[in-house]
Amino acid sequence: MVYKDRDISPEARKFYRMLKAKPEQFLGCECITFLRTYMDGMVTADRLFNGTKNIIIPYGFTDFIEWYYGDNTCQDCFECVLKAEGDEKKALDKWFSLLDEYLKGLGYEPIS
């Protein structure tokens, strides 16, 4: 089964829009490290209660970020962006920007 071209779930898109508008409301601050922890919880909860029904982080997104930065030494998309940007808030903003770019590249609606 090929997953890389699947769009994020409508529920995830709606949540991302709220999160992007007010990250401190959901994360406590504007930092990508807290986003990573929050998203780990969301993915785990979805697996436990929905059987991975929802696509929260699009398949292939980490590969795209590794390609974008030319760095395949990272464990996930959050770490790679933080490593490249060097600042928590800048990395958070860049992560959303890259997510929009990735979704548009696949022909899907961006978050913003």
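Residues numbered from 1 in each chain as written. Predicted model: local features only at pLDDT ≥ 70, side-chain atom pairs only at ≥ 80, totals over all residues. Heavy atoms only, no water.

(A) Summary view of helix 5 (residues 77-85). When we look at burial in helix 5, the residues that qualify are Cys-77, Phe-78, Cys-80 and Val-81. For helix 5, the angular spread of the buried residues around the axis is 165 degrees, confining them to a single face. One side-chain oxygen of the residue at the start of helix 5 lies 3.1 Å from the amide nitrogen of Phe-78, identifying that residue as Asp-76. Trailing helix 5 by a residue or two, Gly-86 shows a phi angle of about 75 degrees, which is positive. (Buried < 20%, exposed > 50% of the residue type's maximum accessible area, 1.4 Å probe, protein only. Helix = DSSP H or I, 4+ residues; strand = E, 2+ residues; numbered from the N terminus. Arc of directions from axis to C-beta. Polar contact = N/O pair within 3.5 Å; in protein donor to acceptor, adjacent residues only side chain to side chain.)

(B) Expanded view of the nonpolar core. Tyr-16, Ile-32, Leu-35, Phe-61, Ile-65 and Trp-95 are the most contacted members of the largest nonpolar core, which totals 28 residues. Of all elements in the fold, only helix 1 (10-21), helix 3 (32-50), helix 4 (61-69), helix 5 and helix 6 (88-105) reach the threshold of two or more residues within this core. Sorting elements by how many residues they give to this core places helix 6 first, with eight residues. Setting aside chain neighbours within four positions, we find Tyr-16 in contact with Ile-8, Met-39, Ile-56, Ile-57, Trp-95, Phe-96, Leu-99 and Ile-111. (Core = buried A, V, L, I, M, F, W, Y, C linked by side-chain atoms within 4.5 Å. Contact = heavy atoms within 4.5 Å.)

(C) Representation of the pattern of salt bridges in the model. This model, assessed by the stated rule, comprises seven salt bridges. Where Lys-83 meets Asp-71, a salt bridge forms, and the shortest distance between an N and an O atom there is 2.9 Å. Note that Lys-83 is positioned in helix 5 and Asp-71 in the loop between helix 4 and helix 5, a separation of twelve residues in sequence. Among the ionic contacts, a cluster of salt bridges with common partners joins Glu-30, Lys-89 and Asp-93. (Salt bridge = Lys/Arg side-chain N within 4 Å of Asp/Glu carboxyl O.)

(D) Expanded view of the layout of surface pockets. Taken as a whole, the largest pocket encloses approximately 300 Å³ of empty space. In terms of lining residues, the largest pocket is bounded by 14 residues, among which Val-43, Arg-47, Ile-56, Ile-57 and Tyr-59 are the most central. Here the lining of the largest pocket gets six residues from one element, more than from any other, and that element is helix 3. Residue composition of the lining of the largest pocket, by class: eight nonpolar, three polar and three charged. (1 Å grid on protein atoms, 1.4 Å probe; cavity = no way out; pocket = protein on both sides within 12 Å on 5 of 7 lines; lining within 4 Å. Points joined across faces, edges and corners; volume = space filled by probe spheres on them. Nonpolar A, V, L, I, M, F, W, Y, C, P; charged D, E, K, R; others polar.)

(E) Region of the structure containing helix 4. All of the buried residues along helix 4 are Phe-61, Phe-64, Ile-65 and Glu-66. Tucked inside the fold, the buried residues of helix 4 contact helix 5 and helix 6. Where helix 4 ends, the next residue or the one after it, Gly-70, has phi of about 65 degrees, a positive value.

Geometric descriptors of this kind do not, in isolation, establish any biological role.
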